[in-house]
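This is what each chain is made of:
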Amino acid sequence: MALKAVLFDAGNTVMLINYAVVAGALASEGFDVQEDLVREAEYRARVRLDPILARRNSTEAPEIFRTYIGFVCEGLGVEWGAAAERAFRRIVEYNREHNLWNQPNPQARAVLERLQRRNLAVGMISNSDGSIERMITRHGLDPYFRFVLDSQVVGVEKPDPRIFQMALELAGVGPAEAVYIGDLYSIDVVGSRAAGLDAILLDPAGLWGHVDCPKARDLSEAAGIVLQRLS
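On a predicted model such as this, the values are computed, not experimentally measured, just so you know. Sequence order as written defines residue numbering, which begins from 1 separately in each chain. Reporting of local features is limited, given that this is a predicted model, to residues whose pLDDT is at least 70; pairs of side-chain atoms are given and counted only at 80 or more, and all residues count toward the totals for whole chains, interfaces and linings. Side-chain numbers here rest on the full set of heavy atoms in the structure, without hydrogens or water.

## Description of the overall build of the chain
Numbering of helices and strands runs from the N terminus; a helix is a DSSP stretch of H or I covering at least four residues, while a strand is a stretch of E covering at least two. A count of helices and strands for the chain gives 10 helices and 8 strands. Against the 2.2 N^0.38 benchmark of 17 Å for 231 residues, the chain shows a C-alpha radius of gyration of 17 Å, consistent with a compact globule. With respect to the three principal axes, the spread of C-alpha positions in the chain is 55 × 35 × 30 Å. Buried positions account for 53% of the 231 residues belonging to the chain. By definition, residues are in contact when any of their heavy atoms lie within 4.5 Å. If you take every contact in the chain between residues at least 6 apart in sequence, the share linking residues at least 24 apart comes to 64%. Of the roughly 10300 Å² of accessible surface on the chain, 48% is carried by carbon and sulfur atoms. Treating the 25 positive side-chain charges of the chain as one cloud and the 31 negative ones as another, the clouds have centres 3 Å apart. In this description the radius of gyration comes from C-alpha coordinates, and the expected globular size is given by 2.2 Å times residues to the power 0.38. Burial here depends on accessible area, computed with a 1.4 Å probe over protein chains only, as a share of the maximum for the residue type. Under 20% is buried, over 50% is exposed, and the range in between is partly exposed. The accessible surface values rely on the Shrake-Rupley method and a 1.4 Å probe; as for residues, cover is taken only from the protein chains in view. In this count, Lys and Arg are taken as positive residues and Asp and Glu as negative ones, while His and the chain termini are left out. By convention, the point assigned to a charge is CZ for Arg, NZ for Lys, CD for Glu and CG for Asp.

Have a look at this one:
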């Protein structure tokens with residue numbers, strides 16, 4: 001069947017983590033870390049976190065966030081002690097007030113415009129805290145999305161196939177007519193496949209070679225894969 005819809009994850013896909021906040025929290029406790037190194041450590045942390053998420057641990061659980069930031073710190077060579085704990089609490093407080101994933105992907109607007117020009121329905125499915133629709137509205141990205149499904153709002157969280165089925169109904173398409181783009185294999189790829197969709201995994205550092213799905217270094221490359229299906 002012809003492709004008619006493209007569905008996106010939010011965090012680390014359309015909206016990026018605010019690496020400066022993480023670097024700043026660690027720097028405030030005396031750790032000499034650079035933002036680009038935080039970014040590289042976070043890429044590796046995603047891959048390390050994935051097997052834990054595969055055991056159906058909620059991405060929104062506090063202990064998962066602690067593990068995730070702990071992996072980032074390990075990747076930076078930051079020993080987890082009292083100072084790292086204080087930095088972590090700063091990050092938690094920032095995330096609670098502002099959502100840590102609050103930086104629009106620099107490629108997002110151009111990619112979304114490309115997809116709209118091809119008359120594809122565009123939607124978003126996010127495991128979030130109820131704030132993601134306000135976030136994309138704040139950054140002027142809301143006109144590109146036909147709908148936004150936030151797990152906190154709808155009461156279902158990826159990888160549960162029901163949240164993908166909700167999206168298909170809103171898009172007015174069947175599973176074979178949609179593709180999902182996200183950053184975590186066990187959440188985004190496994191979940192969307194369970195609902196019958198194809199998926200593309202964002203792999204900015206080339207660290208996901210062990211998984212069995214199409215991969216893209218960035219949103220632009222992912223869009224290229226999508227548009228190849230239309231040609």
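Following the structure, the description resumes.
## Re the pattern of salt bridges
Any Lys or Arg side-chain nitrogen located within 4 Å of an Asp or Glu carboxyl oxygen qualifies as a salt bridge. Under the definition given, this model contains 13 salt bridges. Note that E42 and R46 form a salt bridge whose closest N and O atoms lie 2.8 Å from each other. Separated by 4 residues within a single helix, E42 and R46 lie in helix α2 (residues 35-53), roughly one turn from each other. R46 shares its class with E42; the two are buried. The salt bridge partner of K158 is D188, with a shortest N-O separation of 2.7 Å. Here the residue K158 occupies a position in the loop between α7 (151-154) and α8 (161-171), and D188 occupies one in helix α9 (residues 185-194), the gap between them amounting to 30 residues. Judged by its relative accessible area of 3%, K158 is buried. Linked by salt bridges that have partners in common, D9, K158 and D188 make up one network.

## A word on the sheet that holds strand β6 (residues 178-182)
Read from one edge of the open sheet, 6 strands run β5-β4-β1-β6-β7-β8, paired in parallel fashion. Of all the strands in the sheet, just β5 (147-150) and β8 (215-216) have a single pairing partner and so form its edges. Note: strand β7 (residues 198-202) against β8, 2 bridges, orientation parallel. Considered in β8, the bridge of L201 is made with K215. Interaxial angle, 0 to 180 degrees, is taken between N-to-C directions of lines fitted to C-alpha atoms, where a helix line uses only the stretch in contact. With respect to the sheet, helix α5 (residues 108-117) is in contact with β1 (5-8) and β4 (121-126), its orientation differing from that of β1 by roughly 160°. Where helix α10 (residues 219-230) meets the sheet, its contacts fall on β1, β6, β7 and β8, and the angle it forms with β7 comes to roughly 155°. For two strands to be treated as a pair, DSSP must find no fewer than two bridges joining them.

## Let's talk about empty space enclosed by the protein
A cavity here means a set of points on a 1 Å grid, drawn over the protein atoms and nothing else, where a 1.4 Å probe fits but cannot get out; a pocket is an open set with protein on both sides within 12 Å along at least five of seven lines, and a residue lines either one if it has an atom within 4 Å of a point. Grid points are joined across faces, edges and corners, and a volume is the space filled by probe spheres set on the points. According to the stated counting rule, one finds 1 cavity of 30 Å³ or more in the structure shown. Estimates place the volume of the largest cavity at around 30 Å³. Together, Y43, R46, D203, P204, A205, L207 and W208 line the largest cavity. Any residue outside Ala, Val, Leu, Ile, Met, Phe, Trp, Tyr, Cys, Pro, Asp, Glu, Lys and Arg is labelled polar, Gly included; the first ten of those are nonpolar and the last four are charged. By residue class, the composition of the lining of the largest cavity is 5 nonpolar, no polar and 2 charged.

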